Amino acid sequence: MPLVPMRQILDEAAKGGYGVGAFNVNNMEQIQAIMQAANDTNSPVIIQASRGALKYSKMIYLKKLMEAAAEEFPHIPVSMHLDHGNSLETCKEAIALGFTSVMMDGSLAEDGKSPNTYEQNVDITRRVVEYAHPLGVTVEGELGCLGGIEDGHGAGLSADEVDAHLTDPAQAEDFVAKTGLDALAVAIGTSHGAYKSGRKDPVTGEMLPPNLAMERIHEIHKRMPNCHMVMHGSSSVPKELVDIINQYGGNMPDTFGIPVEQIQDGIKHGVRKVNVDTDSRLAITGAIRKVFVETPGKFDPRDYLKPARDAAYAVYVARMNAFGQAGHATDYKGITLEDAKAYYK
Ligand code: G3H
Ligand code: 13P
Ligand code: ZN
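Sequence order sets the numbering: in each chain, residues are counted from 1 along the sequence as written. Chains and ligands are labelled sequentially in the order written, the chains with letters from A and the ligands with numbers from 1. In keeping with the model being predicted, local features are shown solely for residues with a pLDDT of at least 70 and side-chain atom pairs are shown and tallied solely at 80 or more, while totals for entire chains, interfaces and linings include all residues. Working from all heavy atoms in the structure, the side-chain values ignore hydrogens and water.

(A) The overall build of the protein chain, seen in detail. The numbering of helices and of strands both runs from the N terminus, where a helix is a DSSP run of H or I of at least 4 residues and a strand a run of E of at least 2. Of regular secondary structure, the protein chain possesses 14 helices and eight strands. For the radius of gyration, the atom set is restricted to C-alpha positions; the globular benchmark scales as 2.2 Å times the number of residues to the power 0.38. Relative to a compact globule of 345 residues, whose C-alpha radius of gyration would be 20 Å, the protein chain shows 19 Å and is just as compact. For the protein chain, with 345 residues in total, the buried portion stands at 54%. Residues are treated as being in contact if the distance between any of their heavy atoms lies within 4.5 Å. Taking the intrachain contacts of the protein chain between residues at least 6 apart in sequence as the baseline, contacts between residues at least 24 apart amount to 77%. Looking at the protein chain as shown, the accessible area adds up to about 14,600 Å², and 53% of this sits on carbon and sulfur atoms. Only four residue types enter the charge count: Lys and Arg as positive, Asp and Glu as negative, with His and the chain ends excluded. Think of each charge as sitting on NZ of Lys, CZ of Arg, CG of Asp or CD of Glu. Charged side chains of the protein chain number 33 positive and 45 negative; the gap between the two group centres comes to 3 Å. Note on exposure labels: buried denotes an accessible area under 20% of the residue type's maximum, exposed denotes more than 50%, and partly exposed covers the range between, all computed with a 1.4 Å probe on protein chains only. Per-residue accessibility takes into account occlusion by the displayed protein chains alone, with areas from the Shrake-Rupley method and a 1.4 Å probe.

(B) The side chain of Ser236, seen in detail. You can see Ser236 is positioned in the loop between strand S7 (228–231) and helix H10 (239–247). Ser236 sits in the buried class, given a relative accessible area of 15%. A polar contact is formed between the side chain of Ser236 and the backbone oxygen of Ile258, at a distance of 2.8 Å. Ignoring sequence-local partners within four residues, the contact set of Ser236 consists of Gly257, Ile258, Val260, Asp279 and Arg319. Within 3.5 Å is the distance limit for a polar contact, defined as a pair of N or O atoms, with the added protein rule that one can donate a hydrogen and the other accept it, and that residues adjacent in sequence qualify only through two side-chain atoms.

(C) A look at the nonpolar core. Met35, Val45, Val102 and Leu184 are the most contacted members of the largest nonpolar core, which has 78 residues in total. Ranked by residue count, the leading element in this core is helix H13 (residues 301–323), at eight residues. Each nonpolar core is a collection of buried residues, namely Ala, Val, Leu, Ile, Met, Phe, Trp, Tyr and Cys, held together in the definition by side-chain atoms within 4.5 Å. Within the second largest apolar cluster, 14 residues are counted, among which are Ala22, Ile46, Ala183 and Ala185.

(D) Spatial organisation of the coordination of the zinc ion (ligand 3). Coordination of the zinc ion (ligand 3) by the protein comes from His84 (NE2), His192 (NE2) and His232 (ND1), over a distance range of 2.0 to 2.1 Å. In this listing, donors mean N, O and S atoms no farther than 2.8 Å from the metal, or 3.2 Å for Na, K and Ca; water is missing from the atoms, so a site can look incomplete. Read in sequence order, the donor residues for the zinc ion (ligand 3) give the motif H-x107-H-x39-H. Of the two residues, His84 sits in strand S3 (residues 78–85) while His192 sits in the loop between strand S6 (183–186) and helix H9 (214–223), which places them 108 residues apart along the sequence.

(E) Structural context of the pairing of strand S4 (residues 101–104). Side chains Ser101 and Met103 project from S4 onto one buried face, and the interleaved Val102 and Met104 project onto a second face that is buried too. Here S3 runs beside S4; their pairing, made up of three bridges, is parallel. Paired with Gly85 across the bridge in S4 is Met104. Handedness of a crossover is defined as follows: with both strands directed away from the viewer, a clockwise route from the first strand across the helix to the second makes it right-handed. The β-α-β motif built from S3, the intervening helix H5 (residues 88–97) and the parallel element S4 has right-handed crossover chirality. Strands were regarded as paired on the criterion that DSSP finds at least two bridges between them. Sheet analysis places S4 next to strand S5 (residues 138–143), joined by four bridges and oriented parallel. Each residue of the ladder has a partner; that of Met104, found in S5, is Gly141. Taken together, S4, helix H6 (residues 118–132) and S5 constitute a β-α-β crossover, and its handedness is right-handed.

Quick look at the structure:
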């Protein structure tokens, strides 16, 4: 099956009432682990690459790996999505490379740091939609800003500032109408990376999960039942993965991610795409550290990259089951960008 437009995967997910994991990749091992997990759980899936990933992989390698993935598992609907595009030019480049979906993150300016005004966000997102839809390509936009900062991307907002940048449901309605986007990333208090919460139990001092404004998702879904929402920063940062890293010489402080139950609540209320990157990074790092510490004489990269791929695979399988996409790969036949062109007309 050729790479399918993400819009189809999200429409089908809405029909089936489930969410679909969108997993970030930088290399072959992650792509193979995702595809094996999708095959073994019979899941449609979204594979996404950030600008940093494209730079790291020199673009063409990632494109060819994605084509190989689609060729190896022709029955799995899979989209190739640009994560956090920062300009029309970046989106155009990704589309030229064969991406079937792009995110125009107009919540931030082109520097990927300073928050844009609402009008700027509407303008740039609409321009990307006008460019992408005639080519059959799906567009994700973002309204409101996430907390934290990851590899230079993100406004680096403090907990208080995040509150002021949460997605406003009434504005979301206007944003979707004015831009014509396919998927709306919402800011509800999640952030990228492994450190999502500044909250501690005042008595025990233990870390608490971040406070999420789930009611905003409920409200947006009530106002726009057909709008596909996206949750960024959705890694659960499992303690057992952090523990493995620390057990084998790492030094990660206590932390807390997004409990899977909260994501499932979002899915019940219109979240169709769930972004996960950090959990795969944690699994990979822990597995590699374990090999290095337990067998310091090893130097063949396959000796540690295979366990790393297996550890990432386990994360993907768990998420595919939890988000509900498992079992749905063969519900439908993937369409092409050509078919999607007709859809947008
Ligand atoms: O947007 C955040 C993703 O986790 C991608 O991260 O920019 O380090 O590749 P990255
Ligand atoms: P995590 O850092 O929580 O995995 O989020 C990834 C993400 O939102 C990519 O866009
Ligand atoms: Zn993100």
